[in-house]
Amino acid sequence: QAQFVESGGGLVQSGGSLRLSCTASGIPVVSYAIGWFRQARGEEREGVSCISRVGGTLYAGSVKGRFTISRDLARNTVYLQMNSLKPEDTAVYYCAADTASLYACSFSSNEYEYWGQGTQVTVSS
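Describing the overall build of the chain
Point 1. The helix and strand inventory of the chain stands at zero helices and 11 strands.
Point 2. Counting helices and strands in the order they occur from the N terminus, the chain gives β-β-β-β-β-β-β-β-β-β-β.
Point 3. Relative to its length of 125 residues, the chain is compact, with a C-alpha radius of gyration of 13 Å against a globular reference of 14 Å.
Point 4. By principal-axis analysis of the C-alpha atoms, the chain measures approximately 40 × 25 × 25 Å.
Point 5. Relative to its full complement of 125 residues, the chain shows a buried share of 42%.

Encoded structure:
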């Protein structure tokens, strides 16, 4: 059974940076498209970024140019580097894994079979 664990969340001031990690166990992370999603209190979950099995990436417009997704196959981990953070980035961030997609990834949460427990990111103004 594959498992995914997020870490790296915390409290940061506006303009600061955080790096989130999503570490896979049970199967190589390259076997999945990995997505980062977030859900703010009272809001719907939204896709933030994803990386396909072949390494293609996708970013939401609200984070493009500020967030970078990457993966370290030796550590079986996908990272989300978040720079120039804004208060509106405050949310619980989840990583999720999609076994079906090969060349592309998407922000359709229905396509993701495995989900981590989430990590809180709070950006103060």
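Read on, since the account is not over.
Comments concerning the packing of aromatic side chains
Point 1. For the coordinates displayed, the defined rule picks out six aromatic pairs.
Point 2. Between phenylalanine 4 and tyrosine 32 the ring centres are 5.2 Å apart and the planes differ by 85 degrees, which places this aromatic pair in the edge-to-face class. Highlighted residues: phenylalanine 4 in strand β1 (residues 3-7) and tyrosine 32 in the loop between β3 (18-25) and β4 (33-39), separated in sequence by 28 residues. Of the two residues, phenylalanine 4 and tyrosine 32, neither departs from the other in class, the shared state being buried.

Structural notes on the state of the cysteines
Point 1. Under the counting rule described, the total for this entry stands at two disulfides.
Point 2. Each disulfide pairs two cysteine sulfurs, and for cysteine 22 the partner residue is cysteine 95, the sulfurs being separated by 2.1 Å. Taking the sign of the S-S torsion, 65 degrees for the link of cysteine 22 and cysteine 95, the bridge is right-handed. Pair noted here: cysteine 22 is in strand β3 and cysteine 95 is in strand β9 (residues 91-98), with a separation of 73 residues, a long-range link.
Point 3. Residue classification places cysteine 22 among the buried residues on the basis of a relative accessible area of 0%.
Point 4. Between cysteine 50 and cysteine 105 runs a disulfide, and the two sulfur atoms are separated by 2.1 Å. When the S-S torsion is 80 degrees, as for the bridge of cysteine 50 with cysteine 105, the disulfide is right-handed. In this pair, cysteine 50 sits in strand β5 (residues 46-51) while cysteine 105 sits in the loop between β9 and β10 (114-115), placing the two residues 55 residues apart along the sequence. In this pair, the class of cysteine 50 matches that of cysteine 105, namely buried.
Point 5. Sequence-ordered numbering of the bonded cysteines in the chain yields a pairing of 1-3, 2-4.

Reading the values: rules and limits
Residues numbered from 1 in each chain as written. Predicted model: local features only at pLDDT ≥ 70, side-chain atom pairs only at ≥ 80, totals over all residues. Heavy atoms only, no water. Helix = DSSP H or I, 4+ residues; strand = E, 2+ residues; numbered from the N terminus. Rg over C-alpha atoms; globule rule 2.2 N^0.38 Å. Buried < 20%, exposed > 50% of the residue type's maximum accessible area, 1.4 Å probe, protein only. Phe/Tyr/Trp six-rings, centres within 6.5 Å; stacked < 30°, edge-to-face > 60°. Disulfide = S-S within 2.5 Å.

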